[in-house]
Amino acid sequence: MLLNTFAPPFKLVGGYFIAGICFLIASIPAFFAADFEAIAGLETAGFLHLFFVGFVMSVIIGALYQLTSVILEKPFSTIKGAVVNLALYCAGTASIGYGMISGETGFMHGGGMALFIALLFFTATYAASFMNGCKKSFAAFMLLASAAFLFVGVLLGFCLLMILSGTLPMDFMFALKFHVYFVLGFVFFIIVGVATVLLPMFALAHDLKFTLSKFAFGFYIFAGILLFFSEIYAYFAFGAAIVCFVAEALHILKKRVRKAYDYWNVNIALSLAAFVLFCALIAADRYDMAVFMLIYGFLFAFIAAHLYKIAPFLIWYHYVAPFVGKREVPLLDQMILKKPAYIGIGFNALGLVLYELGVWLEIKSLAHCGVACLLVSIVLVAINMINVFKFTKFGVKEEK
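Here the structure is a predicted model, which is why all the values come from computation and not from measurement.

Engineer: Describe the overall build of the chain, with residues and values.
Structural biologist: A count of helices and strands for the chain gives 13 helices and zero strands. When the elements of the chain are put in sequence order from the N terminus, they spell out α-α-α-α-α-α-α-α-α-α-α-α-α. Relative to a compact globule of 400 residues, whose C-alpha radius of gyration would be 21 Å, the chain shows 21 Å and is just as compact. Oriented by its inertia axes, the alpha-carbon framework of the chain measures out at about 65 × 50 × 45 Å. Burial statistics for the chain: of 400 residues in total, 55% are counted as buried. A separation threshold of at least 6 residues defines the contact pool for the chain, and within that pool the share at least 24 residues apart is 78%. As displayed, the chain offers around 17,400 Å² of accessible surface, 71% of which is attributable to carbon and sulfur atoms. One way to put it: in the chain the 24 positive side-chain charges average out to a point 15 Å from where the 18 negative ones average out.

Engineer: Would you mind going over helix 8 (residues 231-254) in detail, with residue names and values included?
Structural biologist: Its 24 residues give helix 8 an end-to-end C-alpha distance of 34 Å, which sits within 8% of 34 Å, the value for a rise of 1.5 Å per residue. When we look at burial in helix 8, the residues that qualify are Ala234, Ala237, Gly239, Ala241, Ile242, Cys244, Phe245, Val246, Glu248, Ala249, Ile252 and Leu253.

Engineer: Break down the side chain of glutamate 248 for me, citing the residues and quoting the values.
Structural biologist: Structurally, the position occupied by glutamate 248 is in helix 8. An unpaired buried charge is present at glutamate 248: no salt bridge exists, and lysine 214, the closest side chain of opposite charge, is 8.2 Å distant. Ignoring sequence-local partners within four residues, the contact set of glutamate 248 consists of Phe210, Thr211, Leu212 and Ser213.

Engineer: Explain unusual backbone geometry residue by residue, including any values.
Structural biologist: The phi angle at phenylalanine 210 is positive, at roughly 60°, despite the residue not being glycine. Its location among the elements puts phenylalanine 210 in the loop between helix 6 (172-203) and helix 7 (211-226).

Engineer: Any chance you could break down the pattern of salt bridges for me, citing the residues and the numbers?
Structural biologist: Pairing of side chains with opposite charge becomes possible as their charged atoms draw close. Applying the stated rule across the entire model yields three salt bridges. Lysine 177 serves as the salt-bridge partner of glutamate 231, at 3.8 Å between the closest nitrogen and oxygen. With glutamate 231 in helix 8 and lysine 177 in helix 6, the pair connects residues that are 54 residues apart, well separated along the chain. A relative accessible area of 24% places lysine 177 in the partly exposed class. Aspartate 333 is the salt-bridge partner of lysine 338, the closest N and O atoms lying 3.1 Å from each other.

Engineer: Just give me the short version of the environment of leucine 227, but keep the residues and values in it.
Structural biologist: By the element assignment, leucine 227 lies in the loop between helix 7 and helix 8. Relative accessible area serves as the criterion here: at 9%, leucine 227 is assigned to the buried category. It is 45 Å that separates the C-alpha atoms of leucine 227 and tyrosine 317, two residues lying 90 residues apart in sequence. Not counting the four nearest positions on each side in its chain, leucine 227 is found in contact with Lys177, Phe178, Tyr181 and Ala234.

Engineer: Can you tell me about the nonpolar core, naming the residues and giving the values?
Structural biologist: Counting residues in each nonpolar core, the largest one holds 147 residues, and the members touching the most others are Phe51, Tyr126, Phe186, Phe245 and Tyr296. Top element by residues in this core is helix 10 (residues 287-320). It accounts for 25 residues. Those residues in contact with phenylalanine 186, other than ones at most four positions away along the chain, are Met57, Ile60, Leu64, Tyr126, Ser146, Phe149 and Leu150.

Engineer: Outline helix 3 (residues 82-102), supporting the account with residue identities and numerical values.
Structural biologist: Taking 1.5 Å of rise per residue, the 21 residues of helix 3 would be expected to cover 30 Å, and the 30 Å separating its terminal C-alpha atoms lies within 8% of that figure. By the burial criterion, the buried members of helix 3 are Ala82, Asn85, Leu86, Tyr89, Cys90, Gly92, Thr93, Ile96, Gly97, Gly99 and Met100. On its buried face, helix 3 is in contact with helix 1 (10-33), helix 2 (42-72) and helix 4 (105-128). Just downstream of helix 3, glycine 103 is the residue with a positive phi angle, here 85°.

Engineer: Explain the packing of helix 10 against helix 12 (residues 364-389) residue by residue, including any values.
Structural biologist: Viewed as axis vectors pointing N to C, helix 10 and helix 12 meet at an angle of 10°, and their least axial separation amounts to 10 Å. Considered as vectors, helix 10 and helix 12 are oriented roughly parallel to each other. Two secondary-structure elements touch here, helix 10 through Phe292, Tyr296, Phe300, Ala304, Leu307, Tyr308, Ala311, Pro312 and Ile315 and helix 12 through Val371, Leu374, Ser377, Ile378, Leu380, Val381, Asn384, Met385, Val388 and Phe389. Split by residue class, the contact of helix 10 with helix 12 holds 17 nonpolar, two polar and no charged.

Engineer: Could you give an account of a nonpolar patch on the surface, with specific residues and numbers?
Structural biologist: A surface patch of nonpolar side chains, amounting to about 820 Å² of accessible area, comprises Met170, Phe174, Phe215, Phe219, Phe222, Ile225, Phe228 and Phe229. The element best represented in the nonpolar patch is helix 7, accounting for four residues. With respect to the helices and strands, phenylalanine 215 occurs in helix 7. Residue classification places phenylalanine 215 among the partly exposed positions, given a relative accessible area of 48%.

The rules behind these values
- Residues numbered from 1 in each chain as written.
- Predicted model: local features only at pLDDT ≥ 70, side-chain atom pairs only at ≥ 80, totals over all residues.
- Heavy atoms only, no water.
- Helix = DSSP H or I, 4+ residues; strand = E, 2+ residues; numbered from the N terminus.
- Rg over C-alpha atoms; globule rule 2.2 N^0.38 Å.
- Buried < 20%, exposed > 50% of the residue type's maximum accessible area, 1.4 Å probe, protein only.
- Contact = heavy atoms within 4.5 Å.
- Areas by Shrake-Rupley, 256 points an atom, 1.4 Å probe, with all protein chains shown as cover.
- Lys, Arg positive; Asp, Glu negative; His and termini not counted.
- Charge placed at Lys NZ, Arg CZ, Asp CG, Glu CD.
- Expected span 1.5 Å × (residues − 1).
- Salt bridge = Lys/Arg side-chain N within 4 Å of Asp/Glu carboxyl O.
- Core = buried A, V, L, I, M, F, W, Y, C linked by side-chain atoms within 4.5 Å.
- Axes fitted to C-alpha atoms, helices over the stretch in contact; angles between N-to-C directions.
- Parallel < 35°, antiparallel > 145°, perpendicular 65-115°, else oblique.
- Nonpolar A, V, L, I, M, F, W, Y, C, P; charged D, E, K, R; others polar.
- Patch = residues over 30% accessible without salt bridge, like charges linked within 9 Å, V, L, I, M, F, W, Y side chains within 5 Å.

This is the structure in structure tokens:
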């Protein structure tokens, strides 16, 4: 019952989860507008913002409102204005994504300003949670580092908008390179830090030291230093960070007490396999294939796995737990539609295979089939989340 500590209002956490699923679906058509041979192009940037900011960061921010207090063992600094900020965040992400893809500079700059304000507000309240003492742990340290990286990444993102508008005389590619580094650092540190809490919790693994996770952090910092001198060497350091994280995750899964496989650890296994393939594709200079594997192989599967665990628990705690002993209540496992969950994993894996083969063999129809399979997988995850959210009405029948 660790996740219920200092629980924030579910409408805040759930709002970010719902927004994340919506932006994930929107990222599929945006993917076709992207050109990964021109990674700095606005169309590609629009897709990346819809996926990374709209989906990945939405789910992460929603989870952080819950998990920060658990890891630090103190309440999140404040949730005043957080729901309004969520609305601003969604409007800004949608506007900047649309503006970049369509070339409408008004939407791009207006959305960028709204997103900058929303992320700055969250960063300030998130960083303030570490003030006035908190529990010392590796996970807490990683969250603190992620707050610093998010702040720098947000500032560099705003600088990029100013450069595009001609108001800031700064090297665009230099700012873009470090904007990506710091924003990805925020995501990577959150994943590594929270994984040291959630992976052992869900796998029931004990006696872990997280040495490899600490090496992953060190290699990522080293990659940032190398970016000033050589991007190639920076990629090697980043790859080493990834390898350390994957090895740590596999070590945790190996030591798990709960040996049975379910939709959580099958998704985790798929995400880790995709992570390894991502590294191999980077080494082979197939960046077009590597980006897809990272986005829809690792990140989508890894986040979906934890949505299947976290969302049911939070809803159960807020809306079902008060009726324990008064009426029959569902178990957490019963809140998930298992067949759609497993079928979704299958479509995810099939989509990855078909897309990568299509790109490798230069058969567009095959690649498009792969994307269609991924869309089916995403829709099945969304259906499961809709089913889980139905339990927010659990007490209505009792009142009637």
